[in-house]
Structures are given as structure tokens and as C-alpha cells.
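Structural overview
Residues per chain, in single letters:
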Amino acid sequence: MSSTDNAQIHDRGYRTFEGTRSGVAGAMRSVAWHTTRSVLGLGRKARHKIAPVVVIVVAFLPAVIYAGLAAILGGDFFDGEFIPEFSELPRFSIAAIVLFTGLVAPEALVRDRRDGMFSMYLSTPLTRLTYLLSKVASVTGVLSIIVLAPTLLYLLALTFASAGPEGAGSWIAVLARILVSGTAASFVYALISMAASSVTDRRAFASVAVVMVMLGLLTVIQILIESADAGIDLRLLDPVNLPMEMIARVFGDPGEYPELSTARVYGANLGWCAASGALIWSRYRKAGA
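What counts as what
- Residues numbered from 1 in each chain as written.
- Predicted model: local features only at pLDDT ≥ 70, side-chain atom pairs only at ≥ 80, totals over all residues.
- Heavy atoms only, no water.
- Helix = DSSP H or I, 4+ residues; strand = E, 2+ residues; numbered from the N terminus.
- Buried < 20%, exposed > 50% of the residue type's maximum accessible area, 1.4 Å probe, protein only.
- Contact = heavy atoms within 4.5 Å.
- Areas by Shrake-Rupley, 256 points an atom, 1.4 Å probe, with all protein chains shown as cover.
- Core = buried A, V, L, I, M, F, W, Y, C linked by side-chain atoms within 4.5 Å.
- Expected span 1.5 Å × (residues − 1).
- Phe/Tyr/Trp six-rings, centres within 6.5 Å; stacked < 30°, edge-to-face > 60°.
- Axes fitted to C-alpha atoms, helices over the stretch in contact; angles between N-to-C directions.
- Parallel < 35°, antiparallel > 145°, perpendicular 65-115°, else oblique.
- Nonpolar A, V, L, I, M, F, W, Y, C, P; charged D, E, K, R; others polar.
- Salt bridge = Lys/Arg side-chain N within 4 Å of Asp/Glu carboxyl O.
- Polar contact = N/O pair within 3.5 Å; in protein donor to acceptor, adjacent residues only side chain to side chain.

Looking only at helices and strands, the protein features 11 helices and zero strands. Considering the protein as a whole, with its 289 residues, one finds that 43% of them fall into the buried category. Sequence separation of 24 or more characterises 72% of the internal contacts of the protein that already satisfy a separation of 6 or more. In the structure as shown, the protein presents an accessible area of about 15,200 Å², 63% of it carried by carbon and sulfur atoms.

Here you go:
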């Protein structure tokens, strides 16, 4: 008689799951939340928190300064011409945006490929598309902290200093423009960053790729326009300032490139989103198969 003849299976260690099954939507929320934590360094060692904290501090510094001046000097301080408009304040965060997209955002995709987690995600209700949508939502949300949150703080500073928009209708209209334009710009930056970082599973290489796309292309465009008398239309390929132009146009301002029509600015931003999304999908369409 073999030793397996008396084998028995007991179900004492197993319990039927009685909770609510959240399905695909719950899986997407979970991926987005854990990606946000990873990008911000939450729940990780202190060294992973340094870059996000530095970027957020750099982004908020101008708004904090204006808010402090408003609290100390009151509404009269905002009568000066050197005070920025709502559409101009996000430009103070360009350095922080480049730092984030180059040093922090690549963590959203690179870590899963490096650790082999992407294949495990595909064993859940998630598909490649829903996985990527969760990642885009997470990166866009974190970028919104840098792009639009300082402007929200600025709006509150003006409001408490009795120097903000007059009337509830005007105040809500400004708030809506801040939210819409800031979220849209964050979405564009998120897709560009994720597209550049999707070409490698090494974070350092991903950071280099993002910086080359953003700063490298910006430098080439400026050289061609200033030295080679290239057309102003090359500004439509500027991945750093183009989303800022979109923010300005939402507020009805001519922006830094008034020669470009508003329709072309919007179209160019959509083009960057389409090209970035296509590259991301091409990299993940067969990944983990």
C-alpha cells in the first residue's frame, strides 16, 4: 500500500470570499492608488521621497510666496503690474514639471516591468488597456499637484485678500478654467513622460529618454528658429511650453506664442497625446504575452 492511499483533503483552511467583488473598476482604482504611492515614495525608504518632495516644493514656492505677501500686505499688494495672471503662474512650475517627468514619473511604468509585475497584473481582471489607463490616471493626478494646485492656492490667496475675481460667477469661472486647463496640461505631460519611459525597463535610461524628448527637442527648436530662421510653426513641436500655451488660451490670453492660433495650439497638444499614446500602446500591445 502506497503512502498516498490514506491521503485526505481537508477544507478547513479555506473560506469562501463573501466580500464585494469590485471587478475591473476596483482593480483600476487599486493600480492607480498604488502607482501614486510608488511615484510619491509613500511606504518606501526615505531616499525615494526626496525627488517628489523637492519637485513639489519647487512647484509651490512661487504660489506660497504670493500667498504670504497677500496675508501680510493685503489686497493692495495685488494692484501692482508685476503680479502674475492665473494663466501665467503655471509657467513658474516648468522646472518642477521637467524634474518630475524626468526623475519621478518613469517609476510608474518602469518598476512594474523591471520587477515582472506587469505579467501578474494581466492575470487579474485588468487588460493591457485598463492597466495603462490606470497608470495614466495616476501620473496625471500627481502631475496635477504640480501644474494646477499652486494656481488654486494663488486663487485662494487672492480671494482672502479681497483681490480675487468679483462675484461668485466670476470666481467659479476662474476655478473651472484652472481645473480644466491644469488637468489637460497634466494629461499631456503624463503621456509624453510615459511614452518616453516606455522604451526601457531601466529607470536611469527612462529619465534620460524623457529629458532628451523634452529639453533636447526644445533646444533644437529654439536653435532652428533663432539661428536658421525656421518658421514659428516649429513651436507646435515644443513638448515643454506647448501645454502652457494651452493653459493660456483657455484663459483667453495670447500666451508666449501669439503667432500661433488657438486651434493650432489645441490641435498640436492633441497630436502629442495621440503620438504618445500610440507609442505606449505599441510597446505594451504584446508585452507580457
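This is not the end of the story, as more comes after the structure.
Counting 65 residues, the largest nonpolar core has Phe86, Phe100, Tyr131, Val139, Leu143, Ile146 and Tyr189 as its most contacted members. Counting residues per element, this core draws most heavily on helix α8 (residues 168-197), at 11 residues. Setting aside anything within four residues of it in sequence, one finds Val139 in contact with Phe100, Ala105, Ala108, Ala190 and Met194.

In this section: helix α11 (residues 262-284). With 23 residues, α11 should cover 33 Å at 1.5 Å per step; its first-to-last C-alpha distance of 33 Å lies within 8% of that length. Of the residues making up α11, those classed as buried are Val265, Ala268, Asn269, Trp272, Cys273, Ser276, Ile280 and Tyr284. The inward-facing, buried residues of α11 abut α4 (107-115), α5 (117-121), α6 (128-147), α8, α9 (203-227) and α10 (242-250).

Summed over all chains, the structure comprises six aromatic pairs. Both rings, one in Phe118 and one in Tyr131, keep their centres 4.9 Å apart while their planes meet at 65°; by these two values the pair is edge-to-face. Taken together, the positions of Phe118 in helix α5 and Tyr131 in helix α6 put the pair 13 residues apart, joining distant regions of the chain. For the pair Phe118 and Tyr131, a shared accessibility class is recorded, and that class is buried. Aromatic pair Phe118 and Tyr284: ring centres 5.1 Å apart, planes at 80°, arrangement edge-to-face. Here Tyr284 lies in helix α11 and Phe118 lies in helix α5, a separation of 166 residues in the sequence. Residues Phe118 and Tyr284 agree in their burial class; the two are buried. Through pairs of rings, three or more aromatic residues link up here, namely Phe118, Tyr121, Tyr131 and Tyr284.

All right, on to the environment of Phe118 then. Exposure remark for Phe118: the relative accessible area of 5% places this residue in the buried category. Expressed as a C-alpha distance, the spacing of Phe118 and Tyr284, which sit 166 residues apart in the sequence, is 9.7 Å.

It is at 10 Å that the axes of α4 and α6 come closest, and there the two elements cross at 140°. Compared by their axis directions, α4 and α6 come out oblique. Where α4 approaches α6, its residues Ala108, Leu109 and Asp112 are matched on the opposing element by Tyr131, Leu132, Lys135 and Val139. Of the residues that constitute the contact of α4 with α6, the class distribution is five nonpolar, no polar and two charged.

One pass over the full model with this rule turns up five salt bridges. Arg249 is the salt-bridge partner of Glu245, the closest N and O atoms lying 3.1 Å from each other. One end of the pair, Glu245, and the other, Arg249, are both in helix α10, four residues apart, so they sit about a helical turn from each other. Glu245 sits in the buried class, given a relative accessible area of 0%. Overall, the relative accessible area of 9% leaves Arg249 in the buried class. Beyond isolated ion pairs, a larger network of salt bridges with shared partners links Arg91, Glu245 and Arg249.

A separate point is the environment of Ile232. For Ile232, the location among the structural elements is in the loop between α9 and α10. In contact with Ile232, not counting residues within four places along its chain, are Glu259 and Leu260.

By the element assignment, Ser93 lies in the loop between α2 (47-73) and α3 (94-104). Judged by relative accessible area, Ser93 falls into the buried class, the value being 2%. At 3.4 Å, the side chain of Ser93 forms a polar contact with the backbone oxygen of Ala59. Beyond its immediate sequence surroundings of up to four residues, Ser93 is in contact with Ala59, Ile146 and Pro150.

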